[in-house]
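# Per-entry structural report
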Amino acid sequence: MKTKLLLLISALFFVGNAAKSQRITVSGTKFVINGKEIVLNGANTPWNHWNDFGGNYESGWWDNEFKRIKDAGGNSTRIWITCSGDGGLIITPEGILTGATEKFWDDVSDMFHLAEKNKIYIKATLISFDHFKNNTKHYKEWRSLVMSNEGVGSFVENYVLPFVEKFKSNPYLWSIDICNEIEWVNQNEECGKIPWDRLQYLVARTAAAIHQSSNILVTMGGGAVKWNSDKFEGNFWSDENLQKQFNSAEARLDFYSLHYYGWTVKYCGNFALDKTPEYYGIGDRPCMVGENPAKGVFNDAASPKLEVSPDEMFIKAYLNGWKGIMPWTSNGVDRNGTLDDFRIGLKAFKAKYPELIDPH
């Protein structure tokens, strides 16, 4: 009996350490796992059906999509946990988020199980600027939420922290992306033109809560480097600017995840040719490309001009100091392309640097 008990304890210890060893962390300007560098090359798979979780979620589809990315040489993807807030999450007319449906949690749980099965690291995007657009059912409620500390508190207490608690033991939840392209909520009339300080408060308070309750890495899907660099409009998401709005040392982003489309390349430079994180003044932590067209790196100045092909962009970006690319998208949700367009690039990177994609 004693021997069996010791074996059981040993097995549990091994499983616990194995899970711990799979957790991606940050060391300086690198992502590391089990003491070795890892580059997060993969894709965006934002949705199969809009607002999948708590809606028309298809387990088999996600299982197959993860397998396709893995077989192509990728190790990660980015998923929008809610696309517009129309389903899954429960929010009052006053902008207080009270929780989520049971089906929402069941669907998300299944997705993370499949990610672990296929060894695909997930960057989980909690919300998007779409939540605030005036063509969605609950946009007024979301605008009210972000405009009040009580509303942001309900977002953290009744969505963010339950999400963290339910899934923090799964090492394939690599990072949480607080909001997709939140800058448009400030820039666009259709999103309410919410003041910067309220958006910074949402990001800061959410980041602090995640850091205080888990080891999950935190980022924010930046709409363009112009809002992340003092060379342009300023780094709205620096530690200093976030902590001005929410006084906590944990109100910080672990890495920057920037989106690059043709207009950004035109005005801010090409990450795969000659623009490094240091050039933008953000080289103090890992930086990656969280979105760019699946068909390559374009410059819209030539309506548009392809400057770096998909077969070269992963390697060239890495040589410029970027720690991964997640093209938009694996499953072709729009005209930017599919996995078929950039598979050759994923395979080329893995062939040259296999230890950076699967360093175990």
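An account of the accompanying structure is given in this report. (Residues numbered from 1 in each chain as written. Predicted model: local features only at pLDDT ≥ 70, side-chain atom pairs only at ≥ 80, totals over all residues. Heavy atoms only, no water.)

### Side note on the pattern of salt bridges
Two side chains with opposite charge may pair up if their charged atoms get near one another. For the coordinates displayed, the defined rule picks out 18 salt bridges. In this structure, the salt-bridge partner of Lys-103 is Asp-107, at a minimum N-O distance of 2.7 Å. Taken as a pair, Lys-103 and Asp-107 lie in helix α3 (residues 102-118) at a separation of four residues, close to a single helical turn. Judged by relative accessible area, which is 39%, Lys-103 ranks as partly exposed. Among the salt bridges present, the one from Lys-244 reaches Glu-240, with a minimum N-O distance of 4.0 Å. Note that Lys-244 and Glu-240 are positioned in helix α8 (residues 239-245) at a spacing of four residues, about one turn of the helix. Neither residue differs from the other here; Lys-244 and Glu-240 are each classed as exposed. Salt bridges here are not isolated pairs; linked through shared partners, they connect Lys-30, Glu-37 and Lys-323. (Salt bridge = Lys/Arg side-chain N within 4 Å of Asp/Glu carboxyl O. Helix = DSSP H or I, 4+ residues; strand = E, 2+ residues; numbered from the N terminus. Buried < 20%, exposed > 50% of the residue type's maximum accessible area, 1.4 Å probe, protein only.)

### Focus on unusual backbone geometry
Omega for the peptide link from Ser-303 to Pro-304 comes to -25°, which places this bond in the cis form. Among the structural elements, Pro-304 can be located in the loop between β15 (297-299) and β16 (305-308). Despite not being glycine, Lys-119 shows a phi value in the positive range, around 55°. Its location among the elements puts Lys-119 in the loop between α3 and β8 (121-128). The backbone phi angle of Glu-181 is positive, close to 50°, even though this residue is not glycine. Inspection of the secondary structure assignment puts Glu-181 in the loop between β9 (173-180) and α6 (183-187). Its relative accessible area of 10% is what places Glu-181 among the buried residues.

### Side note on the sheet that holds strand β10 (residues 217-222)
Strands sit in the order β4-β5-β8-β9-β10-β13-β14 across an open sheet of seven strands; the sheet is parallel. For this open sheet the edge positions go to β4 (42-44) and β14 (287-291), each flanked by a neighbour on one side alone. Pairs of neighbouring strands in the sheet enclose a mean axial angle of 25°, with direction left out of account. Here six bridges tie β8 to β9, and the two strands are oriented parallel to one another. Residue pairing for β9: Thr-125 is matched across the bridge by Asp-177. Contacts between α3 and the sheet are confined to β5 (76-80), β8 and β9, with β8 contributing the most and set at about 155° to the helix. (Pairing = 2+ DSSP bridges. Axes fitted to C-alpha atoms, helices over the stretch in contact; angles between N-to-C directions. Contact = heavy atoms within 4.5 Å.)

### Description of the sheet that holds strand β1 (residues 24-27)
Across a sheet, paired strands are connected by hydrogen bonds in the backbone, their directions being either parallel or antiparallel. Spatially, three strands are ordered β1-β2-β3 in an open sheet, and the strand pairing comes out antiparallel. Strands at the two margins of the open sheet, each flanked by one partner only, are β1 and β3 (36-37). Taken together, the two bridges between strand β2 (residues 30-33) and β3 define a ladder with antiparallel strand orientation. The partner of Ile-33 across the bridge, within β3, is Lys-36.

### A word on the packing of helix α2 (residues 59-71) against helix α12 (residues 339-352)
Running from N to C, α2 and α12 point in directions that differ by 40°, and their axes come no closer than 9 Å. Here α2 lies oblique to α12, going by the angle between them. Only Leu-339, Asp-340, Arg-343 and Lys-347 of α12 make contact with α2, whose side of the interface consists of Arg-68, Ile-69 and Asp-71. Across the contact of α2 with α12, the residue classes tally to two nonpolar, no polar and five charged. (Parallel < 35°, antiparallel > 145°, perpendicular 65-115°, else oblique. Nonpolar A, V, L, I, M, F, W, Y, C, P; charged D, E, K, R; others polar.)

### Digging into the packing of aromatic side chains
Under the criterion given, the structure shown has 39 aromatic pairs. Where Tyr-260 meets Trp-322, the ring centres are 6.1 Å apart and the plane angle is 80°; that geometry is what we call edge-to-face. Taken together, the positions of Tyr-260 in the loop between β13 (256-259) and α9 (262-268) and Trp-322 in the loop between α11 (310-319) and α12 put the pair 62 residues apart, joining distant regions of the chain. Of the two residues, Tyr-260 and Trp-322, both sit in the buried class. Here a set of aromatic residues connected by ring pairs shows up, and it is made of Phe-104, Trp-105, Phe-112, Phe-132, Trp-142, Phe-155, Tyr-159, Phe-163 and Phe-167. Directly above the ring of Trp-105 sits Lys-166, whose terminal nitrogen or CZ lies 5.1 Å from the centroid. A cation over a ring is seen here: Lys-275 above Tyr-279, with NZ or CZ 4.9 Å from the ring centre. (Phe/Tyr/Trp six-rings, centres within 6.5 Å; stacked < 30°, edge-to-face > 60°. Lys NZ or Arg CZ within 6 Å of the ring centre and 35° of its normal.)

### Comments concerning α3
A rise of 1.5 Å per residue sets the reference length of α3, with its 17 residues, at 24 Å; its end C-alpha atoms lie 25 Å apart and thus fit the reference within 8%. Every buried residue of α3 is accounted for by Phe-104, Trp-105, Asp-107, Val-108, Met-111, Phe-112, Leu-114, Ala-115 and Asn-118. Lys-119 sits one or two residues past α3 and shows a positive phi near 55°. (Expected span 1.5 Å × (residues − 1).)

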